[in-house]
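# Fold and geometry: a report
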Amino acid sequence: MIKRIIFDIDGTLIRNVNFVDAIIKTLEEYHIYSEENLENFLKSIGTYEENYTSYTKEKYLHFFSKNLNATLEENFLKSFFKNLKEVVPISFVDEQETIAYLNEKYELVLLSNYFEESQRNRLETMKINKYFKEYYGETIIKPCKEAYFLACGSHEPSNCVIIGDNLELDCKIPKELGFHTILFSEENSKYADKTIQNIKELKRIL
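Notes on the structure follow.

Right, let's talk about the sheet that holds strand β1 (residues 4–7) for a bit. Read from one edge of the open sheet, 6 strands run β3-β2-β1-β4-β5-β6, paired in parallel fashion. One side of each edge strand has no neighbouring strand; the edge strands of this open sheet are β3 (134–136) and β6 (194–196). Taken over all neighbouring pairs, the strand axes of this sheet differ in orientation by 25° on average, direction set aside. Alignment of β1 against strand β2 (residues 107–111), held across 4 bridges, turns out to be parallel. Within β2, the position partnered with Ile-6 by the bridge is Val-109. In the packing of helix α8 (residues 167–176) onto the sheet, the strands contacted are β4 (160–164) and β5 (180–184), and the crossing angle to β5 comes to about 160°.

Spelled out as structure tokens, the structure:
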């Protein structure tokens, strides 16, 4: 029996958004914008998790400072988090209605590889943050097995379903650990119990 739903955020709860404007604005506010720094920042987003298994401000600022050849301090992150807060879909009625519905039936938590403060800010903008009782994925991130087991809380993996858009992180690994899985994708996968293309479909299958 499913008791807890573990949601990924980007590509799942927050889909079809563009981070570039928020990055440019932050670099401009910090007076270090250039096409090269924008490109390096985007590359760093993709490689940070190859180097670290957690998100800490110290590690993050050190890594991005090195890649941007600049000295980034905590006010850089404050600015970035502020700009990221508005990086949400233009319309999020489907998300609001679906999450409110699921909240009546299950425990809802988050498992997302980034800083909780920033991710919850964005869900607050969408007016769905209040439905998620716990957040995982900052102190230890996917694909570390511990991240998945921590997200179970007091439940067994067999009582939890993970919903996400990344086949490896949100389906293949958790499936091997005993979780139920739902994949946001246009293609079916043997690692996903169900595949959806719109969050509204969760009201039908859960």
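Remark: helix α2 (residues 35–51) packs on helix α3 (residues 57–68), axes separated minimally by 9 Å, with the N-to-C direction vectors making an angle of 135°. The angle between the axes of α2 and α3 places the two elements in the oblique class. For the element pair α2 and α3, the recorded crossing hand is right-handed. When α2 is examined against α3, the residues Asn-37, Asn-40, Phe-41, Ser-44, Ile-45, Thr-47, Tyr-48 and Asn-51 are found in contact with a partner set consisting of Lys-59, Tyr-60, Phe-63, Phe-64, Asn-67 and Leu-68. Among the residues making up the contact of α2 with α3, the classes are represented as 7 nonpolar, 6 polar and 1 charged.

Now for the nonpolar core. Ranked by internal contacts, the top residues of the largest apolar core, which has 53 residues, are Phe-7, Leu-13, Tyr-60 and Phe-132. Apart from the residues lying within four places of it in its own chain, the contact partners of Tyr-60 are Phe-41, Tyr-48, Tyr-55, Leu-77, Phe-80, Tyr-114 and Phe-115. By size, the runner-up hydrophobic cluster in this structure holds 15 residues, among which are Val-109, Tyr-136, Cys-160 and Leu-177.

Mapped onto the secondary structure, Ser-118 falls in helix α6 (residues 116–125). Excluding residues within four positions of it along the chain, Ser-118 makes contact with Phe-81 and Leu-84.

We now examine helix α4 (residues 74–84). Among all positions of α4, only Phe-76, Leu-77, Ser-79, Phe-80, Phe-81, Asn-83 and Leu-84 are buried. For α4, the secondary structure elements touched by its buried residues are α1 (20–29), α2, α3 and α6.

You can see Val-20 is positioned in helix α1. By relative accessible area, Val-20 is classed as partly exposed at 26%. On a C-alpha basis, the gap between Val-20 and Tyr-55 in space is 21 Å, while along the polypeptide they are 35 residues apart.

Cut-offs and rules
Residue positions are counted from 1 within each chain, in the order its sequence is given. Under the rules for a predicted model, residues below a pLDDT of 70 receive no local features and side-chain atom pairs below 80 are neither given nor counted, while totals for whole chains, interfaces and linings still include all residues. Hydrogen atoms and water are omitted, and side-chain values are computed over all heavy atoms in the structure. Any two strands between which DSSP finds at least two bridges are classified as paired. Working definition: helices are DSSP H or I runs of at least four residues, strands are E runs of at least two. Numbering for both runs from the N terminus. The angle between two axes is taken between their N-to-C directions and runs from 0 to 180 degrees, where each axis is a line fitted to C-alpha atoms and a helix contributes only its stretch in contact. Pairs of residues are marked as contacts when any of their non-hydrogen atoms sit within 4.5 Å. Comment on the angle field: the value is read as roughly parallel under 35 degrees, roughly antiparallel over 145, roughly perpendicular from 65 to 115, and oblique elsewhere. Working rule for handedness: look at the near helix, and if it is turned counterclockwise from the far one by less than a right angle, call the crossing left-handed; if clockwise, right-handed. Under the scheme applied, nonpolar residues are Ala, Val, Leu, Ile, Met, Phe, Trp, Tyr, Cys and Pro; charged residues are Asp, Glu, Lys and Arg; polar residues are all the others, including Gly. Think of a nonpolar core as a cluster: buried Ala, Val, Leu, Ile, Met, Phe, Trp, Tyr and Cys residues, connected wherever their side-chain atoms sit within 4.5 Å. Only protein chains enter the area calculation, which uses a 1.4 Å probe; residues under 20% of their type maximum are buried, those over 50% are exposed, and those in between are partly exposed.

Spatial relationships are all this shows, so hold off on functional conclusions.
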